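Spelled out from the first residue to the last, the chains are:
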Amino acid sequence: MIMCGGYVGDAGGSSAMRTACESRYKTGLSIAAPKPVSGRNAYYGAAVTRRFGISEPPPTIVREIRNSIFAVTRIDCKLPRCDVTAPTPTENAYSLTVRLRDVTQSRAWIGGRLQPDEERPKNSSAFYDLTDEIRFAICEPIDSLNFYIHRDTLNEVSRETDKRSIDRLMVSFGSTVSDPTIAGLAASLLPAMERQHEVNELFVDHIAYGLLAHLTGQYGATVAGKIATSGGLAPWQLRRAKELIRGNLNGAMRYSEVAAECRLSPGHFSRAFARSTGLPPHRWLMSLRVDLAKELLLQTGMQIAEIALNCGFADQAHFTRVFSSSVGSTPGRWRRECRG
C-alpha cells in the first residue's frame, strides 16, 4: 500500500478536517500550491503521487506504443493533505481516473473553474484533458487507477483497428462516467499491479489495447475514413509467432516484439493471431503453459515447484492458481488422479 502525508492525529474523516477542506473549496485557487512538475510525459508514476504528498513509489505500468506513451498508476492514499495540488503538466494527452472506492469530499478545478458537486461512486470514471490546467483537492482516503493516454496513442490504435484518426474524445471532462467496460478492464489489471513479479506482458498488452480500442470506439470523434477488415496470420507468421511465444514461456516478450517479427502492427497482430488460433496471444500462452505442465506432471517425477518454473510461472503459488482455474483441480491432485 502507498501512504501519504496529512494531518497529524485525526484520520481524515473528522468534522475538523471537513471544515478545513470546505474552507479551501471556498477560497478556490488562491491557496499556495507546490510548483508544477516539469517534463514531458510527467503525469504518471511518481510525478502523479508527488502532487498528493505520497512518499513511496507507486505501482506503475508503462507501455510505449510507437513513439507515444500509455501508463497506469495506482494511487492508494490513506491520509491526504487536503491541499489544492499543483496544476497538472500541460500535455497533448488525456488522464482517465477509475475509482476503486467511493469519493465524497474531493474537488477538481479545470482551467480555473471549480467542477460541480456530483456522486463519484466506486467503479466510476472521470476523463481529464491535460491540455487544460487541472488541480485537485483531496480531503479523504483515495484509491484509484490513473491512466495516462497520449493522444498519439489513441491515434495509433484507431488507425490500426479501423483506419481512422482520433480527433478528440467526446466526453464531459471532469464529470463522472459510468462505464462497466472501463471498470472491468481496470479491475483486471489490479493483480498485475499487486504482483508484478508474476506479470504476463502479453496479458498486460492485451488489456491496454483492449481499453484503448474501447475508448476510440466508444468516445472517439474521428476523421472519417475507410474501415478495413483483415483475416488471420499467414502460415509463416503463425509459425514464427508460436515459436517466439514458446521460447518465452515466462511471458516476458511483448506484443510489439512478436508483431514486429511478423511485420505487423501490434493491434493487427493481436486480432490476426486470435483469428488463426481462436485465442488472443496471452491466453494461447497460458494454455501452452498448462499443457506443458500436464506433460511434466504425468511423464516425470519433477517437484511441482520445479515444474512451475520450467513452465514459465513466477512460483508454485502462481502455477497452482492458473492450473486450478484452467483444469478445475490443483496440480498435485490432478497428477494423483491421472496416475491412479
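As shown above, the structure is provided for reference.
On a predicted model such as this, the values are computed, not experimentally measured, just so you know. (Residues numbered from 1 in each chain as written. Predicted model: local features only at pLDDT ≥ 70, side-chain atom pairs only at ≥ 80, totals over all residues. Heavy atoms only, no water.)

### Focus: the pattern of salt bridges
Formally: Between Lys or Arg on one side and Asp or Glu on the other, a salt bridge is scored when a side-chain nitrogen of the former is within 4 Å of a carboxyl oxygen of the latter. Only DSSP runs of H or I covering at least 4 residues are called helices, and only runs of E covering at least 2 are called strands; the numbering of each starts at the N terminus. Burial classes: relative accessible area under 20% of the type maximum marks a residue as buried, over 50% as exposed, and values in between as partly exposed (1.4 Å probe, protein chains only).
For the coordinates displayed, the defined rule picks out 9 salt bridges. Among the ionic pairs, Glu 261 bridges to Arg 240, the shortest N-O distance being 3.2 Å. Placement of Glu 261 in helix H7 (residues 255–261) and of Arg 240 in helix H6 (residues 235–246) is noted, with a sequence separation of 21 residues between them. On the accessibility criterion, Glu 261 (38% relative accessible area) is partly exposed. The exposure class assigned to Arg 240 is partly exposed, which follows from its relative accessible area of 26%. Each of Arg 74, Asp 143 and Glu 194 takes part in salt bridges that share partners, so that together they form one network.

### A look at the layout of surface pockets
To keep it simple, the criterion reads: With a 1 Å grid spanning the protein atoms alone, the term cavity applies to any set of points in which a 1.4 Å probe fits but cannot get out, the term pocket to an open set with protein on both sides within 12 Å along at least five of seven lines, and the term lining residue to any residue with an atom within 4 Å of a point. Grid points are joined across faces, edges and corners, and a volume is the space filled by probe spheres set on the points. The residue classification treats Ala, Val, Leu, Ile, Met, Phe, Trp, Tyr, Cys and Pro as nonpolar and Asp, Glu, Lys and Arg as charged. All others, Gly included, are polar.
Of the voids in this model, the largest pocket is the one considered here, and its volume is about 340 Å³. Lining the largest pocket we find 15 residues, and of these Glu 198, Asn 200, Phe 203, Met 286 and His 318 sit closest to its centre. Those elements that place two or more of their residues in the lining of the largest pocket are helix H4 (180–194), helix H9 (281–299) and helix H11 (316–327). When residues in the lining of the largest pocket are grouped by element, the largest group, 4 residues, is from H9. Along the lines of polarity and charge, the residues of the lining of the largest pocket split into 6 nonpolar, 4 polar and 5 charged.

### Here's the deal with H11
Heads up, the condition is: Multiplying 1.5 Å by the helix residue count minus one yields the expected span of that helix. The reported arc concerns the directions from the helix axis to the C-beta atoms and nothing else. Here, residues are in contact when the closest pair of their heavy atoms is within 4.5 Å. Pairing of N or O atoms within 3.5 Å defines a polar contact, subject to two protein rules: one partner must be a possible hydrogen donor and the other a possible acceptor, and residues neighboring in sequence count only if both atoms are side-chain atoms.
In this model, H11 (12 residues) spans 16 Å end to end at C-alpha, consistent with the 16 Å of a helix rising 1.5 Å per residue. Inspection of H11 places His 318, Phe 319, Val 322 and Phe 323 among the buried residues, and these make up the whole buried set. Down the axis of H11, the buried side of the element spans an arc of 120 degrees, and every buried residue falls inside it. Along its buried surface, H11 packs onto H9, helix H10 (304–310) and helix H12 (331–339). One side-chain oxygen of the residue at the start of H11 lies 3.3 Å from the amide nitrogen of Ala 317, identifying that residue as Asp 315.

### With respect to the side chain of Ser 144
With respect to the helices and strands, the residue Ser 144 is situated in strand S8 (residues 142–150). For Ser 144, a relative accessible area of 8% gives the class buried. Ignoring any residue separated from it by four or fewer positions in sequence, one finds Ser 144 in contact with Thr 73, Arg 74, Ile 75, Thr 97, Val 98, Arg 99 and Leu 100.

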